[in-house]
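One-letter residues, chain by chain:
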Amino acid sequence: MNTKFIVVLGSVMSGLGKGVVSSSIMKILDMYDFKVLPIKFDGYLNYDCGTMNPYRHGEVFVLNDKGEVDMDFGTYERFLNKDITSNSSITGGKVFGEIIEDERKGKFLGQDVQVIPHLTNEIQEKIIRFASKNSLDFVVIEVGGTVGDLENGYFIEAMRQLSLKESVVFVDVTYIPRLKTVGEQKTKPTQSAFRALMAMGITPNFLICRTDGKMEDEIKKKLSMFTSLASDRIINDPDMDSPYQLPNYLIEQKFDKALLKLLKYKNHKMNAKKRDNWNVNVENIVRKEGKEVKIAIVGKYVDLRDSYVSVKEALMHAAGKLSLKLKIDWVESENLEKDGSRTSLEGVNGIIVPGGFGTRGIEGMISAIEYARTHNVPYLGLCLGMQLMTVEFARNVCGLTNANSTEFNPKTKYNVVDILPSQLSVDKKGGTMRLGAWDMVIKDKNSIAFSAYQKKIVSERHRHRYEFNNKFRKLLESKGLKVTATTTDNKLVEIVEWSSGFGIATQAHPELKSRIESPAPLFISFLKAASNKLYK
Ligand code: GLN
């Protein structure tokens, strides 16, 4: 087939930023006007990410089509500025599940079903189907984990087999540590990893070397000698101010030229407009000057920043667009409960309560929302942050003592947030929340929501089981909580706002659709308010 496949592997250790490398390669190919999409393989036996703990695994990213996927998908979408589907996600759980289902149906009658060739064939067929269905020029396949892991061995073998029949380029993202005591960058771990890959029948075509500080020329020469790779195939990926700078840095090292030469593309030119547009946006994000705006994110998973990566990125995109210098204060909500003081919120220009599950830290988040409302600090609530904005208002403005969500107090008399009726019959936890993109209709032209989106029908992504309880809608509205958007059938509340000051919260996760090239409208409005108190 015409599609070319680029397989991105990782060696030496995890956490090297393969997702950013894969995204950067896709962005560069997109700048050449190639049609490219990703496939991500994750070796775990979960069917998807939906049942994982964000505290351990990082954020669960949600796609338009309801897919609950690895946070790398957020990086792909933010770089590519394209909506990706669940077909791009292959997990160990999915492929083993499918092969066992096929076996039960009798697809392999008379055979003993094996990892090689049955599972490896299935993986290749899946990828080839994906490429042809989407008429792709390129598929960038990111292999989760590290070379040598038991979990991804069969997938890497499938990629080796794919390279026997299709045009496949292997890129190994590797680590060159600097030994402090001798002050030198060391190539040995990469040499060993290269040999390990060769023992698996794979010779990487490119090495992308993570380093702190620039990679020394000597190191490049040494690696070239040990791996027999020409020096234009050994590329540096040093620590940078922002991952969005990587595509440009790869281009500066002529990675694009070397890749196209390898694949025998002759007359392809980069679309200069696309590159310029990207660079302008990146420069805005990494700018050092500008008015500073300090935003507190009050959550329960703040120790692992990856849990809120899309919120952080959405803030960065919006700050870039508005030429603001963003400072994020991560506030552990439980700490607001412990001493009752809210000194950590003093002086912030805006407060966000992001999504979350479970009882821990909830009262601290409610306290932060009350602080925002009573101190005229702009507030943005995301999913759980909208449910708690409702609870705070019910308790402190409407006098509904101990009002709550039944998620946190199933016995509350004032269940202003309650389980979605559609969730009552749900007995399985995986993939059963209200998920994916849903349209909402903005009812009020004088709302913050309308001034942000500038249109009536808006689509945002969702992931929740609880909702605003319509039984209390009249009462809450009569006291000044404005319902400014609902689902198109008017059944579910999607956005609420305070009548005075800047306070807006949505049942959706607008952060999931924010891209560097198209920041989320609600984040733009929120930062505008936080930076100049437009809505005072
Ligand atoms: N726990 C809440 C619910 O399930 C909020 C979920 C979220 O913030 N994503 O409805």
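Residues numbered from 1 in each chain as written. Predicted model: local features only at pLDDT ≥ 70, side-chain atom pairs only at ≥ 80, totals over all residues. Heavy atoms only, no water.

Named according to an unreviewed UniProt entry, the chain is CTP synthase originating from Candidatus Parvarchaeum acidophilus ARMAN-5. In UniProt, the chain has this text filed under Sequence similarities (unreviewed entry): "Belongs to the CTP synthase family." Under the Catalytic activity (unreviewed entry) heading, UniProt states for the chain: "UTP + L-glutamine + ATP + H2O = CTP + L-glutamate + ADP + phosphate + 2 H(+)". (UniProt positions renumbered as here; feature names shortened; annotations may be inferred.)

### Quick word on the nonpolar core
Counting 79 residues, the largest nonpolar core has Ile-6, Ile-141 and Met-159 as its most contacted members. Excluding its chain neighbours within four sequence positions, the residues that come into contact with Met-159 are Val-7, Ile-123, Ile-127, Ile-141 and Phe-170. Ranked by size, the runner-up nonpolar core spans 40 residues in total, among them Ala-372, Ala-403, Val-417 and Leu-476. (Core = buried A, V, L, I, M, F, W, Y, C linked by side-chain atoms within 4.5 Å. Buried < 20%, exposed > 50% of the residue type's maximum accessible area, 1.4 Å probe, protein only. Contact = heavy atoms within 4.5 Å.)

### Observations concerning unusual backbone geometry
A cis amide bond, omega 15 degrees, links Ile-116 with the succeeding residue Pro-117. Of note, the phi angle at Val-12 is positive, near 75 degrees, even though the residue is not glycine. Looking at the element boundaries, Val-12 is found in the loop between β1 (4–10) and α1 (18–31). The phi torsion at Lys-66 lies on the positive side, around 85 degrees, for a residue other than glycine. The class of Lys-66 is partly exposed, set by a relative accessible area of 45%. (Helix = DSSP H or I, 4+ residues; strand = E, 2+ residues; numbered from the N terminus.)

### Regarding the environment of Glu-477
Turning to its location among the elements, Glu-477 is positioned in helix α17 (residues 473–478). Separated by 21 residues in the primary sequence, Glu-477 and Trp-498 place their C-alpha atoms 9.7 Å from one another.

### Observations regarding the UniProt feature "domain: Glutamine amidotransferase" (unreviewed entry) in the chain
Sequence positions flagged by UniProt for "domain: Glutamine amidotransferase" (unreviewed entry) are, in local numbering, residues 304–528. Within the segment residues 304–528, helix and strand shares are 29% and 27% respectively, and the terminal C-alpha atoms sit 27 Å apart.

### Some details on the site of the ligand
Residues in close proximity to the ligand include Gly-355, Gly-356, Phe-357, Cys-383, Leu-384, Gln-387, Glu-407, Arg-463, His-464, Arg-465, Tyr-466 and His-509, which together make up its full environment. Leu-384 is positioned such that a nitrogen or oxygen atom in its backbone is 3.1 Å from an oxygen atom of the ligand. Take Tyr-466: an N or O atom from its main chain is 2.8 Å from an oxygen atom of the ligand. Breaking the shell around the ligand down by element, the ones donating at least two residues are α15 (384–396) and β19 (457–464). For the shell around the ligand, the class distribution of residues is 4 nonpolar, 5 polar and 3 charged. (Near = heavy atom within 4 Å. Polar contact = N/O pair within 3.5 Å; in protein donor to acceptor, adjacent residues only side chain to side chain. Nonpolar A, V, L, I, M, F, W, Y, C, P; charged D, E, K, R; others polar.)

### As for the packing of aromatic side chains
Tallied over the full model, the rule gives 16 aromatic pairs. Through a chain of ring-to-ring contacts, the aromatic side chains of Tyr-32, Phe-34, Phe-138 and Tyr-265 assemble into a single cluster. Sitting over the ring of Trp-438, Arg-434 keeps its end group 4.5 Å from the ring centre. (Phe/Tyr/Trp six-rings, centres within 6.5 Å; stacked < 30°, edge-to-face > 60°. Lys NZ or Arg CZ within 6 Å of the ring centre and 35° of its normal.)

### Regarding the pattern of salt bridges
Summed over the entire model, instances satisfying the criterion amount to 35 salt bridges. As a salt-bridge pair, Arg-461 and Glu-77 come within 2.9 Å of each other at their nearest N and O atoms. Here Glu-77 lies in helix α3 (residues 72–80) and Arg-461 lies in strand β19, a separation of 384 residues in the sequence. The pair formed by Arg-461 and Glu-77 is uniform in burial state, with each residue classed as buried. (Salt bridge = Lys/Arg side-chain N within 4 Å of Asp/Glu carboxyl O.)

### Focus on helix α5 (residues 115–133)
For α5, with 19 residues, the first-to-last C-alpha span of 26 Å sits near the 27 Å given by 1.5 Å per residue. When α5 is considered as a whole, its buried residues turn out to be His-118, Leu-119, Thr-120, Glu-122, Ile-123, Gln-124, Lys-126, Ile-127, Phe-130 and Ala-131. Each element contacted by the buried residues of α5 is listed here: β1, β2 (36–42), β5 (89–91), α4 (92–105), β6 (138–143) and α6 (153–165). Just past α5, the residue Ser-135 takes up positive phi, approximately 45 degrees. (Expected span 1.5 Å × (residues − 1).)

### Quick word on the sheet that holds strand β23 (residues 503–506)
Taking strand neighbours across the sheet as the criterion, the 9 strands line up as β13-β12-β14-β15-β23-β22-β21-β18-β19 in an open arrangement whose pairing is mixed. The two strands at the open ends of the sheet, each matched to only one other strand, are β13 (324–332) and β19. When strand polarity is set aside, the average angle formed by the axes of neighbouring strands in this sheet is 25 degrees. Strand contacts of helix α14 (residues 362–374): β12 (291–299), β14 (350–353), β15 (379–382) and β22 (493–498), with the helix running at about 150 degrees to β14, the strand carrying the most contacts. The strands that α15 touches are β14, β15, β19, β21 (481–487), β22 and β23; relative to β22, the one it contacts most, it runs at about 50 degrees. (Pairing = 2+ DSSP bridges. Axes fitted to C-alpha atoms, helices over the stretch in contact; angles between N-to-C directions.)

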